[in-house]
Amino acid sequence: MTRIQYQECIDACIKAMNACNYSYVSSLKEYDLASLRESIRLDRECADICSFAVQAMTRQSPFVVEILRLCAEICERCAEESSRHELTHCHECIEACRGAAMACRLISGAVEVYA
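Rules used in this analysis
Residues numbered from 1 in each chain as written. Predicted model: local features only at pLDDT ≥ 70, side-chain atom pairs only at ≥ 80, totals over all residues. Heavy atoms only, no water. Helix = DSSP H or I, 4+ residues; strand = E, 2+ residues; numbered from the N terminus. Rg over C-alpha atoms; globule rule 2.2 N^0.38 Å. Buried < 20%, exposed > 50% of the residue type's maximum accessible area, 1.4 Å probe, protein only. Areas by Shrake-Rupley, 256 points an atom, 1.4 Å probe, with all protein chains shown as cover. Lys, Arg positive; Asp, Glu negative; His and termini not counted. Charge placed at Lys NZ, Arg CZ, Asp CG, Glu CD. Core = buried A, V, L, I, M, F, W, Y, C linked by side-chain atoms within 4.5 Å. Contact = heavy atoms within 4.5 Å. Phe/Tyr/Trp six-rings, centres within 6.5 Å; stacked < 30°, edge-to-face > 60°. Lys NZ or Arg CZ within 6 Å of the ring centre and 35° of its normal. Salt bridge = Lys/Arg side-chain N within 4 Å of Asp/Glu carboxyl O.

Student: Hey, could you run me through the overall build of the chain in this one?
Tutor: Each helix and strand counted, the chain has 4 helices and 0 strands in total. Going from N to C terminus, the chain has its helices and strands arranged as α-α-α-α. Relative to the globule expectation of 13 Å for 115 residues, the C-alpha radius of gyration of the chain, 14 Å, shows essentially globular dimensions. Based on the C-alpha atoms only, the size of the chain along its principal axes is roughly 50 × 20 × 20 Å. Relative to its 115 residues, the chain shows a buried fraction of 45%. If you sum the accessible surface of the chain, you get close to 6,400 Å²; carbon and sulfur atoms cover 55% of it. Measuring between centres, the 12 positive side-chain charges of the chain sit 3 Å from its 17 negative side-chain charges.

Shown next, in the form of structure tokens:
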């Protein structure tokens, strides 16, 4: 697949990465930091894997299927954890993570067909 064919997934991953980074920083400013510990950890994990997935797609890594599947899994876990909190930044993160997970699953399935 080409970068153009990956573009929707790249955009979704960038959106999730930005939302997770924002949620991470915003969570660190909250009063009840202890209740957000797992969410903060997953925000970082998700932002990192989304960034890595974008890099893998743009350089057409031979491991792109595996990376996108892992990215989808982490994005879904991050969205699940964020849904436990009522904070606005968490809800923005949920939406972005679910979008990235869906895009990654669609592309990783399509890549196998072309492989």
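Student: What's the story with the nonpolar core in this structure? I'm lost.
Tutor: Most often, soluble globular proteins keep nonpolar side chains buried together rather than apart. By size, the foremost hydrophobic cluster in this structure holds 37 residues, and its most contacted members are Cys13 and Met57. Look past the residues within four positions of Met57 in its chain and what remains in contact with it is Tyr6, Cys9, Ile10, Cys13, Val64 and Leu68.

Student: What's the story with the packing of aromatic side chains in this structure? I'm lost.
Tutor: Aromatic ring pairs are reported here in terms of the distance separating the ring centres and the angle at which the planes meet. Under the criterion given, the structure shown has 0 aromatic pairs. Lying over the aromatic face of Tyr24, Arg44 brings its terminal NZ or CZ to 5.2 Å of the ring centre.

Student: Which parts of the structure should I look at to understand the pattern of salt bridges?
Tutor: Pairing between side chains of opposite charge can happen when their charged atoms approach one another. Across all of its chains, the model carries 8 salt bridges by this definition. When the shortest N-O distance is used, the salt bridge between Arg105 and Glu76 registers 2.9 Å. Of this pair, Arg105 sits in helix α4 (residues 88-114) while Glu76 sits in helix α3 (residues 64-82), and the two are 29 residues apart along the sequence. Linking Arg84 and Glu80 is a salt bridge whose minimum nitrogen-to-oxygen distance equals 3.6 Å. Classification of Glu80 as partly exposed rests on a relative accessible area of 40%.

Student: What am I meant to see in unusual backbone geometry here?
Tutor: In most cases, non-glycine residues show a negative phi, while peptide bonds are predominantly trans. Despite not being glycine, Gln60 shows a phi value in the positive range, around 55°. Tracing the chain through its elements places Gln60 in the loop between α2 (37-58) and α3. The exposure class assigned to Gln60 is partly exposed, which follows from its relative accessible area of 44%.

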